[in-house]
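# Per-entry structural report
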Amino acid sequence: MNLDWSIIPASAGALAQGALITIALTVLTMAIAVPCGIVVALLRESRFTPVAFLATCFVELFRNLPIILVVYWAFYVMPVVLDLSFSPFVTGLVALCLNNTAYNSETFRSGIRSIRKGQTEAALAMGMSEGEAFRKIVLPQAWRRVLPVLATTWVTLFKDTSLVSVIAVGDLAHTAMQIRSQTFRVIEMLTAMAAIYWLLGYPQAKLADWIHKKFGVTE
Amino acid sequence: MDFNFEPVLESWRFLADGLRITVLLSLSVAACSLIFGTLVALARRYGPKWLRAVLIFYIDSMRAIPVLVVLVWFYFAFPIATGINLPPFLSALVALSLNLTAYVAEIVRAGIESVRPGQVRAGLALGMSMPQIVRKIILPQAFVRMMPALGNVLTLTVKDTAIATVIAVPELMRRADAVAAQTYAPVEVFTTVMFLYFCVIFPITRGVDMVYKRISFLGRS
């Protein structure tokens, strides 16, 4: 077996671009899915039952589906049913956002619920409106509690971005697989792909551990 | 817009067989990762120092690398590197187990650490050996406490088997893709498959919750 590692430096530019797209997907998804998650969490707690029911359906549906299926669905079905057609990148982004919004909403819901009722009542007694009480009293406290969970979600999301490669988004996995099939340097390319993911993911996993230690709530 | 579910109905056997393979793969992966995950956690906790370092490196690496990458590497690169050719199903079994073992090991470790050290000392004072204490005192309590997390891993397993489609394991996702491509009815096919996956995963999530509520008292100390 002869290995030719010179393919890695030769395709460093393409790989770097793929890695950038992977990172961009992670950051954008989280930037969209966190606010959406908070909104869905609030809708689930809504006093208006149909709204709460619909929000629950949304969360339960996307929490119980494989992401790769959601990606396929967003690619093949969404353009037909909703009459929306996006570039592969945006399609992948939509799929990841749908999935992560569901997860984040559960995270935020438990975070919001962990803040005692007395806090909201005290805020209302001080003359704050409900919106103010939520924004100024509940959310800042809940935020700190959900941070470790969000960190874990972040690491999971970073790994899950690799799944959008099946719809030809030019992320790291797709780029590496493509170079593999063009050059037939299978071992070199796939090992390089794994190594790059490792180099990017390992510090994030460690950082998540640190956040867990620092902010984790122990009972 | 009209929907035509005929292609789905016509190939229902093909899809049902895919579902069978999905379930089979999920159960095999779950069993393997539960066994090996427990062993890894125990080795990490009670094993020699060098082994501990190796296992921590393995666990953290698996937490950092996407499942897709492990799957693809195992299917395409591993046979060339070693000369061992595995069929897609076995490759998926090995790769997914390799990945999920790390997660189970972390859960089992947390479970073991949640049992107070006083219990180990009490066991030692009663004249039990360390393996006896692990088997009779620590693991029974730890497993009850780990149930919700292990239930999560089980749903994660079913979801991860869908990724095995990229290495052509003929499971539900792969077959859905094939039927959708042949019949030009992606909307109906993918929606049906979505429903099928939901029907498999949702009861697991709920079932684990329900069982845990029933038996959670067993884990109290």
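Residues numbered from 1 in each chain as written. Chains lettered and ligands numbered in written order. Predicted model: local features only at pLDDT ≥ 70, side-chain atom pairs only at ≥ 80, totals over all residues.

## As for the overall build of chain B
Across its full length, chain B carries nine helices and zero strands. Along chain B, helices (α) and strands (β) appear in the sequence α-α-α-α-α-α-α-α-α when read from the amino end. Overall, chain B is about 70 × 45 × 25 Å in size when its C-alpha atoms are taken along their principal axes. When the 221 residues of chain B are sorted by exposure, 41% land in the buried category. For chain B, contacts bridging at least 24 residues in sequence account for 81% of all contacts bridging at least 6. (Helix = DSSP H or I, 4+ residues; strand = E, 2+ residues; numbered from the N terminus. Buried ≥ 20, exposed ≤ 12 C-beta atoms within 10 Å, placed from the backbone. Contact = placed C-beta atoms within 7 Å.)

## Details of the overall build of chain A
Secondary structure assignment for chain A yields 10 helices and zero strands. For chain A, the succession of helices and strands along the chain, N to C, is α-α-α-α-α-α-α-α-α-α. Overall size of chain A, expressed as C-alpha extent along the three principal axes, is 75 × 45 × 25 Å. Counting all 219 residues of chain A, 43% fall into the buried class.

## Focus: the interface of chain B and chain A
With 32 residues of chain B at the contact, the number on the chain A side is 31 residues. If you list the elements that add at least two residues to the side of chain B that touches chain A, you get α3 (49-64), α4 (67-82), α8 (172-183) and α9 (186-215) of chain B. Here the side of chain B that touches chain A gets 11 residues from one element, more than from any other, and that element is α9 of chain B. Residue composition of the side of chain B that touches chain A, grouped by class: 25 nonpolar, four polar and three charged. (Nonpolar A, V, L, I, M, F, W, Y, C, P; charged D, E, K, R; others polar.)

## Comments concerning the packing of helix α2 (residues 12-46) of chain B against α3 of chain B
All names here are of chain B. The geometry of α2 relative to α3 is characterised by a closest axis approach of 8 Å and an angle of 135° between their N-to-C directions. Classified by the interaxial angle, the pair formed by α2 and α3 is oblique. You can see that α2 and α3 cross each other, and the crossing is left-handed. Mapping the contact onto sequence places V40, A43 and R44 in α2 and L51, R52, L55 and I56 in α3. Its residues assigned to classes, the contact of α2 with α3 comprises five nonpolar, no polar and two charged. (Axes fitted to C-alpha atoms, helices over the stretch in contact; angles between N-to-C directions. Parallel < 35°, antiparallel > 145°, perpendicular 65-115°, else oblique. Left-handed = near helix turned anticlockwise from the far one by under 90°.)

## Overview of the nonpolar core
Side chains that are nonpolar tend, in soluble globular proteins, to be buried together. L69, V71 and M193 of chain A together with L71 of chain B are the most contacted members of the largest nonpolar core, which has 124 residues in total. Sorting elements by how many residues they give to this core places helix α5 (residues 88-113) of chain B first, with 12 residues. (Core = buried A, V, L, I, M, F, W, Y, C linked by C-beta atoms within 7 Å.)

## Topic: the packing of α3 of chain B against α5 of chain B
All names here are of chain B. The interhelical angle for the contact between α3 and α5, taken along N-to-C directions, is 115°, at an axis separation of 9 Å. In the packing of α3 onto α5, the handedness of the crossing is left-handed. Between α3 and α5, the residues in contact are Y58, I59, M62 and R63 and L98, N99, A102, A105 and E106, respectively. Tallied by class, the residues present in the contact of α3 with α5 amount to six nonpolar, one polar and two charged.

## Structural notes on the environment of V186 of chain A
By the secondary structure assignment, V186 of chain A is in helix α10 (residues 186-215). A tally of 19 C-beta atoms within 10 Å means that V186 of chain A is categorised as partly exposed. Along the chain, V186 of chain A and L3 of chain A lie 183 residues apart, while their C-alpha atoms are 9.5 Å from each other. In this structure V186 of chain A touches R180 of chain A together with F76, A77 and I80 of chain B, once residues within four positions along its chain are discounted.

## Observations regarding the confidence of the model for chain B
This prediction gives chain B a mean pLDDT of 90; 99% of its residues lie at or above 70. Here the complex is predicted with pTM 0.89, and the ipTM for its interfaces comes to 0.87. (pLDDT = per-residue confidence, 0-100.)

## Quick word on the environment of V69 of chain B
Turning to its location among the elements, V69 of chain B is positioned in helix α4. For the pair V69 of chain B and T191 of chain B, spaced 122 residues apart in sequence, the C-alpha to C-alpha distance is 27 Å. Not counting the four nearest positions on each side in its chain, V69 of chain B is found in contact with S162, A173, M193, A194 and Y197 of chain A.

## Topic: unusual backbone geometry
With phi around 60°, D83 of chain A is a residue other than glycine that occupies positive phi space. Its location among the elements puts D83 of chain A in the loop between α5 (78-81) and α6 (88-113). Here A168 of chain B, not a glycine, exhibits a phi torsion of approximately 65°, which is positive. Relative to the helices and strands, A168 of chain B is located in the loop between α7 (130-161) and α8. Accessibility expressed as a C-beta count within 10 Å gives 14 for A168 of chain B, which makes it partly exposed.

## Details of the environment of A162 of chain B
Within the secondary structure, A162 of chain B sits in the loop between α7 and α8. C-alpha separation for the pair A162 of chain B and M62 of chain B, spaced 100 residues apart in sequence, amounts to 18 Å. With residues near it in sequence (within four places) discarded, A162 of chain B still touches P66, I68 and L69 of chain A together with M173 of chain B.

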